[in-house]
Amino acid sequence: MSTADSPTDLMERIVALCKRRGFIFPSSEIYGGFNGFFDYGPLGAELKKNIRDCWWNDMVRRRDDIVGLESSIIMHPKVWEASGHVAGFSDPLVDCKESKQRYRADQLFFAQVFVENVEFGPDVIDDLVAKKRISKEYGAALSDGKYGSPTLVGFVSALESERIEAELNEKAEEFKKKFRIRGQLKPISSNISGLVRDMTEAVPDEIDLIPSPATGEPGSLTPPRSFNMMFQTNVGAMTDASSVAYLRPETAQGMFVDFKTVVDTGRVKLPFGIAQIGKSFRNEITPRNFIFRSREFEQMEMEYFIHEDADWAKCHQEWIEWCRTWLLSIGLPDSHLSLYAHPKEKLAFYSKGTVDIMFKYPFGVQELWGIAARGNYDLGQHAKASGKPQEIFDEATKKKFVPHVIEPAVGVDRILLAALCAGYAEEDVKDEKGNVEKRTVLRFSPRLAPIKVAVLPLIKNKPELVDVAEKLYRKLKRKWNVFYDESGNIGKRYRRQDEAGTPWCVTIDFETIEKDGTFTLRERDSMQQTRIDEAALFALLEEKIY
Ligand code: ATP
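Residues numbered from 1 in each chain as written. Predicted model: local features only at pLDDT ≥ 70, side-chain atom pairs only at ≥ 80, totals over all residues. Heavy atoms only, no water.

A. Local environment of the site of the ligand. As a matter of local geometry, the ligand sits amid 14 residues, with Glu284, Arg293, Glu367, Leu368 and Gly411 nearest to it. In this structure, glutamine 299 approaches the ligand through a side-chain N or O atom, which is 3.1 Å from an oxygen atom. A distance of 2.8 Å separates an oxygen atom of the ligand from a polar backbone atom of glycine 411. Considering the ligand on its own, with 590 Å² of exposed area, one finds that the protein chains cover 81% of that surface. Broken down by secondary-structure element, the contributors of at least two residues to the shell around the ligand are β14 (296–306), β17 (364–375) and β20 (404–411). Here the shell around the ligand is built from residues that sort into five nonpolar, four polar and five charged. (Near = heavy atom within 4 Å. Polar contact = N/O pair within 3.5 Å; in protein donor to acceptor, adjacent residues only side chain to side chain. Areas by Shrake-Rupley, 256 points an atom, 1.4 Å probe, with all protein chains shown as cover. Helix = DSSP H or I, 4+ residues; strand = E, 2+ residues; numbered from the N terminus. Nonpolar A, V, L, I, M, F, W, Y, C, P; charged D, E, K, R; others polar.)

Below, the structure is given as structure tokens:
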């Protein structure tokens, strides 16, 4: 099997396939697209719906302890004050004044360049000072020969990526050449603590010396400042401060704000969960990596409420396991999944623990699903802000208390991208005549595949074949999304389905009409062909698509 050569290459091919086959493309493309927004075409919309349906079925319908909710996208602005989003839902932002590019400070990395046994040729130190690579004072000290080994000679920067370390080292090499500095570069390694830092860790004196990734020159980056990521809008005819509202940046607050209503009407008993799927909006500073970080995306979140004395750590662990097992059930490979426990010192003050399920995307290992133990912070905040108690009565102790919560929160688009990346393969295969050709295949699990079965009459000008094929197609279509294709040779039709990720093709051939009514069942991954009758085909689909 061969896949694309480099991670960037692979991503480009996946993006190209998504466009070519109508999975995903930029929003408002005829106007040049709109950064951070995407549209899902016919295959993408089906794939996305399958992810939502699998999650909803497994998380809500097939459990006795979880109920669903659909809250509004625009909620009372006080919700976002109480939740802390108005004051604190921000990312540190750095501007490049020269290129007008904007960066998330925690995604812009820099390193000091050190040289062992340094030798500066004539005017090199002056040049470094003039080009703002080192400060005047430091330049003066160097000119006076006040330096040890290794010697700091400047800074390099790069944006977060799989190759960050390699890129910083390449830039250090170029830097040394450009300024004609002699000596041995000290390798830059992110394993050595403090050597590679992000812009939130830069001290004020360093900021002017760090080159902008856009221009390669220092002096244009601003110090990091907070940027609130909520999209604002105005509700009603007035567009003044009194009408400001927000598009929700997460679906979770709907579950907290409606908690009491669900308890009073939903016949639920602790422990229980409220789940919701819906759009969220974040004005991300640097939307990137295709649909991985976009400004409009979809979340599937569940708040699992537990007794204040319950063993939260055990429950947290159980949800981590559940989420991981669920990802396997929709076909993501275990080899691509890992866990990341947030260090205690980086947790919000109310948080007891957060573990992210990470996925190995072509552009690096990144967060897919966050599972947080949030204590009773959210309900407590809404009780304070609204003046309405958010308590539950404990029959055993005859006391009221505010339940604690475990929150698994995942993005539909990130799961979809994970399925695309893990499923994508390019292979050399032999056609019917034995010639080697390339096939591109998306190995979606049957649960996720946008098209479950393609029904193909072997030839289109034989009414008996077409008639059987059409009947089978109509019958299958009542239950699943199936596709009918009668154009082109059969090999080409198989390839088209491979690219769409269709797990099975059913070919209606002469044996079907002349012998026993069975069809050829062609399996996507093995490309093996067997014969199957209608009842067995339905049984296979019922078993695999649940
Ligand atoms: P990140 O650190 O990647 O910005 P986060 O920790 O802010 O994510 P949460 O607020 O925990 O994310 O949101 C829960 C889930 O929603 C994430 O695990 C992710 O799957 C999804 N998500 C968050 N932001 C985005 C986005 N901009 N685009 C797509 N999905 C997102």
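Picking up after the structure, the text goes on.
B. Quick look at the packing of aromatic side chains. If you walk through the whole model with that rule in mind, you get 22 aromatic pairs. Looking at arginine 414, its charged tip hangs above the ring of phenylalanine 292, at a distance of 3.7 Å from the centre. (Phe/Tyr/Trp six-rings, centres within 6.5 Å; stacked < 30°, edge-to-face > 60°. Lys NZ or Arg CZ within 6 Å of the ring centre and 35° of its normal.)

C. Region of interest: the pattern of salt bridges. Tallying each qualifying case throughout the model produces 48 salt bridges. Notably, a salt bridge pairs arginine 225 with aspartate 95, separated by 2.5 Å at the nearest N-O pair. Here aspartate 95 lies in strand β4 (residues 90–95) and arginine 225 lies in strand β10 (residues 225–228), a separation of 130 residues in the sequence. Exposure remark for arginine 225: the relative accessible area of 41% places this residue in the partly exposed category. A residue is classified by how much of its surface remains accessible, and aspartate 95, at 13% relative accessible area, is buried. The residue lysine 544 makes a salt bridge to glutamate 543 at a minimum N-O spacing of 3.9 Å. Given a relative accessible area of 55%, glutamate 543 falls into the exposed group. (Salt bridge = Lys/Arg side-chain N within 4 Å of Asp/Glu carboxyl O. Buried < 20%, exposed > 50% of the residue type's maximum accessible area, 1.4 Å probe, protein only.)

D. Representation of helix α2 (residues 42–61) in the model. The terminal C-alpha atoms of α2, which comprises 20 residues, lie 26 Å apart, in line with the 28 Å expected from a rise of 1.5 Å per residue. Within the span of α2, buried status applies to Leu43, Gly44, Leu47, Lys48, Asn50, Ile51, Cys54, Trp55, Asn57, Asp58, Met59 and Val60. (Expected span 1.5 Å × (residues − 1).)

None of the figures reported here should be taken as evidence of function without further support.
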